[in-house]
Amino acid sequence: MIPYSFSVLRYVHDGVTNEFVNVGVALYSGDATFLKAKCTIQYSRITQVFDRIDGDRFKQLVRHIEDEVIRIGERLKQRALPFAELGTSIEALLHQVLPPDDSAMQFSPAGYGVSADLERTLAELYERYVERYMGQQEVPSRSDDEVWRVFREELVKRNVRLTPKKIVAPDYEYEFRASWKNDVWHVYEPVSFDLVEPNSLVEKANRWLGRSANLAESPEPFRLYLLIGAPQDPRLESAFAKARNILRKMSGNPELIMESDAPKFAAELEREIGVERGEPDLFDQR
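Residues numbered from 1 in each chain as written. Predicted model: local features only at pLDDT ≥ 70, side-chain atom pairs only at ≥ 80, totals over all residues. Heavy atoms only, no water.

### As for the packing of helix α7 (residues 198-215) against helix α8 (residues 237-247)
The interhelical angle for the contact between α7 and α8, taken along N-to-C directions, is 5 degrees, at an axis separation of 8 Å. Relative to α8, the element α7 lies roughly parallel. Residue-level inspection shows Pro198, Leu201, Val202, Ala205, Asn206, Trp208 and Leu209 of α7 in contact with α8, the latter providing Ala239, Phe240, Lys242, Ala243, Ile246 and Leu247. Considered class by class, the residues forming the contact of α7 with α8 number 11 nonpolar, one polar and one charged. (Axes fitted to C-alpha atoms, helices over the stretch in contact; angles between N-to-C directions. Helix = DSSP H or I, 4+ residues; strand = E, 2+ residues; numbered from the N terminus. Parallel < 35°, antiparallel > 145°, perpendicular 65-115°, else oblique. Contact = heavy atoms within 4.5 Å. Nonpolar A, V, L, I, M, F, W, Y, C, P; charged D, E, K, R; others polar.)

### Quick look at unusual backbone geometry
Despite not being glycine, Thr33 has its phi angle at roughly 45 degrees, a positive value. If you trace the backbone, Thr33 turns up in the loop between β2 (20-29) and β3 (34-39). The class of Thr33 is partly exposed, set by a relative accessible area of 24%. Here the phi dihedral of Asn253 falls at roughly 50 degrees; this positive angle occurs in a residue that is not glycine. (Buried < 20%, exposed > 50% of the residue type's maximum accessible area, 1.4 Å probe, protein only.)

### What about the side chain of Glu154?
Looking at the element boundaries, Glu154 is found in helix α6 (residues 144-157). Once residues lying within four places of it in the same chain are set aside, the contact partners of Glu154 are Ala262, Pro263 and Ala266.

### Examining the packing of α6 against helix α9 (residues 262-273)
For the pair α6 and α9, interaxial distance at closest approach is 9 Å and the crossing angle is 40 degrees. The orientation of α6 relative to α9 falls into the category oblique. Crossing of α6 over α9 shows right-handed handedness. Across from Val150, Phe151, Glu154 and Leu155 in α6, the residues of α9 making contact are Ala262, Pro263, Phe265, Ala266 and Leu269. When the residues that make up the contact of α6 with α9 are grouped by side-chain class, the tally is eight nonpolar, no polar and one charged. (Left-handed = near helix turned anticlockwise from the far one by under 90°.)

### Let's talk about the environment of Pro219
Along the polypeptide, Pro219 turns up in the loop between α7 and β9 (222-229). Look at Pro219 and you get exposed, because its relative accessible area is 76%.

### Section: the environment of Asp194
As for its placement among the helices and strands, Asp194 is situated in the loop between β8 (185-192) and α7. With relative accessibility at 3%, the residue Asp194 sits in the buried group. Along the sequence, Asp194 and Ser143 sit 51 residues apart, while their C-alpha atoms lie 7.7 Å from each other.

### Quick look at the environment of Trp180
Looking at the secondary structure, you find Trp180 in strand β7 (residues 173-181). Since its relative accessible area comes to 5%, Trp180 is described here as buried. With 15 residues separating them along the chain, Trp180 and Lys165 place their C-alpha atoms 8.3 Å apart. There is a polar contact of 3.0 Å between the side chain of Trp180 and the side chain of Tyr188. (Polar contact = N/O pair within 3.5 Å; in protein donor to acceptor, adjacent residues only side chain to side chain.)

This is how it looks when you write it as structure tokens:
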């Protein structure tokens, strides 16, 4: 069994009353050189309990926190010594991401345990402290954010950092999750088709078809890549095939990159951008 420590990420609405909602979990094991976090971008429970919040800002912040925790874990793995021999605590590591202050986002005091499978334990802690209190969600299976995690982990391993990018057209604008630029902007967005109802897959594809038509009027040239999460239910194969056919009708002839190709995608992007290991961070990924 492997000893570990964990901390719960809290949204603290009022610093006086200290009322909070759990929005994520970080898990650390020095013995296993393991440090990861899992956070939610769902904020409906926060708005139900407290006042309205800036949803876009909330999503951006929790994505940044999760990404930075994972990035620190990847960097520490590259050291010769195990985490335990470095004498590092979960508090010290998390303070690099989120210094202790009176801001709305705060990590809880550490908890402790032992595990035979740290990935599974992280998922169980997330379910226990975060997911079970979120109630019914609009996305019943995997979200776009969960698909992005698959691609992001491969990018983090290769030190490929990307920036968000907003494409603005006369009647519409959209901020893409990640991008980089050479002669044109290359913009990337995760799209999960791991849903429950067949009609949901087709309707989601149709929304992207309309979105691409509006963005095609932007004066700024860009190349679109959709990072696709396929449904795990084989009964949805027919609906998924229809959804892909719709996506291929999108303006700009976007490239569809399947989740199973995430390692290949990251390797090709690393070569294309020219990122070298050990080089100072040039891009900012969320």
